[in-house]
Amino acid sequence: MLKLKSIAARLILAIALTVGVACAILSGFSITQQRALTRMALDQQLKLQYDSVIAAIEYEGRAALAVSAVIAALPPVEDAIAKGDRDGLGKLLAAPWAAIKAQGIPLISFWQAPATSFYRVHTPKIFGDDASTRRITVVESIKAGKPIVGVEPAREALSIFGMTPVMHDGKTLGNVDIGVAFGKEFVDRAKKRFGIDLAVYSVDGTSLNKLSSTFGENAVAKPDELKAVISGAPLLREAELDGHPVAVYVGAIKNYAGTPVGVLEIIKDTTEYEAAFAAAERNLILGTVAI
């Protein structure tokens, strides 16, 4: 009788251990899968938000293009360029420039072939310089006689441009070039709209210059990681900012020709994600122990 009880006890123990091991394996697998699914969902959201900011850049460019189209269609603008009357352009556009500058569009330039500055409303004393090596959109717009939107280096910093040719007797006199800077207004609008932190960098050869940021001078992505994105794949990894867990996505900003001219760094606070995962993990472990 004692021997039978001993066998029964061993069977019960073996079954209990088998169930325990199975539950532990299933629990570990579930935690791993949940972590992977959470990571995948976060990665997809970051990629979507990067695409959304790129779309916002294109929208800013289309808004600049609309302004340039209106200015290019003004007969006094055509006459002033044809006559070489810079002062006339200044008097005509001084008030409109003040209005659109208040809306975050600070740059109004007029160019002649190939990309020689005719008049800058924002800096009227600087003209005559040839920017054809850095302003390929201006060269293409005048050469082809067509409107173009693109991101390119301005005289001082990277900007979003929309330009429209100015025509006279069926020929292209030049173009009107409207620029939107990657300044504080741009990143603040993007943060408010998409619920993320972001920074914009311009590319100068292999070096980077931070143009604007919603998280100050704090470093998240490393300089080498930012530079690697210029000629490689986007960066996506976990990090920490101001003591909080974050996810960082870094991708390139390309110009009209598809060449990287800037880098966009997106930061997503993952505190809520981590808290939700920790709660789910705790519940799985408690459930396993109960079983």
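Residues numbered from 1 in each chain as written. Predicted model: local features only at pLDDT ≥ 70, side-chain atom pairs only at ≥ 80, totals over all residues. Heavy atoms only, no water.

The helix and strand inventory of the protein stands at seven helices and ten strands. The C-alpha radius of gyration computed for the protein amounts to 29 Å, which surpasses the reference 19 Å derived for 291 residues by more than 25%, pointing to a less compact arrangement than a globule. Projected onto the principal axes, the alpha-carbon positions of the protein cover approximately 120 × 30 × 30 Å. Here the contacts in the protein between residues at least 6 apart in sequence split such that 54% fall between residues at least 24 apart. When the accessible surface of the protein is summed, it comes to about 15700 Å², and 60% of that surface belongs to carbon and sulfur atoms. The averaged location of the 30 negative side-chain charges in the protein is 5 Å from the averaged location of its 31 positive side-chain charges. (Helix = DSSP H or I, 4+ residues; strand = E, 2+ residues; numbered from the N terminus. Rg over C-alpha atoms; globule rule 2.2 N^0.38 Å. Contact = heavy atoms within 4.5 Å. Areas by Shrake-Rupley, 256 points an atom, 1.4 Å probe, with all protein chains shown as cover. Lys, Arg positive; Asp, Glu negative; His and termini not counted. Charge placed at Lys NZ, Arg CZ, Asp CG, Glu CD.)

With that settled, consider the sheet that holds strand β8 (residues 235-241). To summarise the sheet geometry, strands pair through backbone hydrogen bonds and adopt either a parallel or an antiparallel arrangement. The strand order across the open sheet formed by five strands is β7-β6-β10-β9-β8, and the pairing between neighbours is antiparallel. The open sheet has two edge strands, β7 (207-213) and β8, and neither has a second partner. For this sheet the average axis-to-axis angle between neighbouring strands, irrespective of direction, equals 30°. Taken together, the nine bridges between strand β9 (residues 244-254) and strand β10 (residues 260-269) define a ladder with antiparallel strand orientation. Within β10, the position partnered with Val 248 by the bridge is Ile 267. Against the sheet, helix α5 (residues 184-194) contacts β6 (197-204) and β7, and its axis sits at roughly 140° relative to β6. (Pairing = 2+ DSSP bridges. Axes fitted to C-alpha atoms, helices over the stretch in contact; angles between N-to-C directions.)

Considering all chains together, one arrives at ten salt bridges under this definition. Among the ionic pairs, Glu 156 bridges to Arg 155, the shortest N-O distance being 3.7 Å. By relative accessible area, which is 69% here, Glu 156 ends up exposed. Residue classification places Arg 155 among the partly exposed positions, given a relative accessible area of 37%. Put simply, Arg 237 and Glu 225 hold a salt bridge, and the shortest N to O gap is 2.9 Å. Of this pair, Arg 237 sits in strand β8 while Glu 225 sits in helix α6 (residues 223-231), placing them twelve residues apart in sequence. Residue Arg 237 is classed as partly exposed on the basis of its relative accessible area, which comes to 23%. Each of the salt bridges in this network shares a partner with another, and the network as a whole consists of Arg 135, Glu 152 and Asp 177. (Salt bridge = Lys/Arg side-chain N within 4 Å of Asp/Glu carboxyl O. Buried < 20%, exposed > 50% of the residue type's maximum accessible area, 1.4 Å probe, protein only.)

If you trace the five strands from one edge of the open sheet to the other, you get β2-β1-β5-β4-β3, paired in antiparallel fashion. Only two strands of the sheet have a single neighbouring strand rather than two, namely β2 (116-120) and β3 (148-153). Between one strand and the next, the sheet's axes are offset by a mean angle of 35°, whatever the strand orientation. Direction of pairing for strand β1 (residues 107-112) relative to strand β5 (residues 171-181): antiparallel, over a ladder of five bridges. If you follow Trp 111 over to β5, its bridge partner there is Asn 175. Most of the contacts of helix α3 (residues 86-101) go to β2, to which it runs at about 65°, and overall it touches β1 and β2. Against the sheet, helix α4 (residues 136-144) engages β1, β3, β4 (158-168) and β5, with an angle of about 150° to β5.

Shape is all these values report; function is a separate question.
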